[in-house]
Amino acid sequence: MTALGAVFRPQLPPERLREVVRVAEDVGLEELWLWEDCFREGGISAAAAALAWSERVRVGVGLLPVPLRNVAVTAMEAAALHRMFPGRAVLGVGHGVQDWMGQVGARAESPLTLLREHLDALRALLRGERVSVSGRYVRLDDVALDWPPPAPVGVLAGAEGPRTLRLSGEAADGTVLTSATSPDGVRRARRLIEEGRAAAGRDPGEQHPVVVYLLTATGPDATARLRAELVAEGLDSVPGLGVAGDADAVAKAVQRLADAGADTVILQPTGDEPDPEGFVRFTAQEVRPLVP
């Protein structure tokens, strides 16, 4: 079965999150995803609140920009969430938007090297290992978590370009793809991820889940809102992106991504979505029954 979720976009003020979480829990939404977009809302703080306000829904953060975070801090926060809310936190890390990283003086000369070092150290720390490393960006001297997760946990990586997709296959436990990914893009990503996994000698029987965002608009002005967002993002000329329409149209778009290799599809409302709570209800109550 394809997992289905929705995004709480950080264009909404943080105080709106509680009601959206309440609705997500009430209607049986599988996954609610959050973004750590500069300079809006912190991913870990929002995730901790969402998890505390709920009992069942899984909460994803996609993504935590690694240039902003010492890997030991990422590991401590991730371990705390996994221990307090077992099985319900899903965390992804990524390059971050380079212009934003430059604004805060954290832009790396080699984002790929930084992400690889961060992934290697983070996954080792979350496995409970004692880590000493002196990399180009990540430096740890005899560091181990006092409270690592009691069971194995996955770390996802956000990826778009070929080198990052291969790196995700090599060094991450799953991959997050943006809403700029068409079904053909999912197929291409799968191939590149598998190339990375093979190069690293990863177990071919091991699962590597792929999460993809699907820009979604519903309601009487859905087509106009979707078009406006694609234009604003410079994506209006890319075929196969986004969906506007009723539950049947959205479910068919979800299925196209699933057929291309997505394990989880997260519906991403437009930035001007007028009813975030209604969007969550729509996802769980109208779209979910139509997605096998």
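Scroll up to find the structure this text is about.
Residues numbered from 1 in each chain as written. Predicted model: local features only at pLDDT ≥ 70, side-chain atom pairs only at ≥ 80, totals over all residues. Heavy atoms only, no water.

A. Region of interest: the nonpolar core. Membership of the largest hydrophobic core comes to 78 residues, with the highest contact counts inside it found for V265, L267 and V287. Residue contributions to this core peak at eight residues, all from helix α5 (residues 111-126). If we skip the residues at most four places from it in the chain, V287 touches L4, A247, V250, A251, L267 and F282. Grouped together as the second largest cluster of nonpolar side chains are nine residues, V7, V90, V211 and I266 included. (Core = buried A, V, L, I, M, F, W, Y, C linked by side-chain atoms within 4.5 Å. Buried < 20%, exposed > 50% of the residue type's maximum accessible area, 1.4 Å probe, protein only. Helix = DSSP H or I, 4+ residues; strand = E, 2+ residues; numbered from the N terminus. Contact = heavy atoms within 4.5 Å.)

B. Focus on α5. For α5, built from 16 residues, the straight-helix expectation of 22 Å at 1.5 Å per residue is met to within 8% by its first-to-last C-alpha distance of 22 Å. Within α5, burial applies to L114, L115, E117, H118, L119, A121, L122, R123, A124, L125 and L126. Considering only its buried residues, α5 is in contact with α3 (71-84), β4 (89-94), β5 (131-134), β6 (139-143), β7 (156-158) and α6 (162-171). A positive phi of about 90° marks G128, the residue just after α5. (Expected span 1.5 Å × (residues − 1).)

C. Structural view of unusual backbone geometry. The omega torsion across C38 and F39 is -5°, close enough to zero to call that bond cis. With an omega dihedral of 25°, the bond running from G62 to L63 counts as a cis peptide bond. Relative to the helices and strands, L63 is located in strand β3 (residues 58-65).

D. Quick peek at the side chain of S168. Inspection of the secondary structure assignment puts S168 in helix α6. The exposure class of S168 is buried, given its relative accessible area of 1%. Leaving out residues up to four positions away in the same chain, S168 has contacts with A157, G174, T175 and H208.

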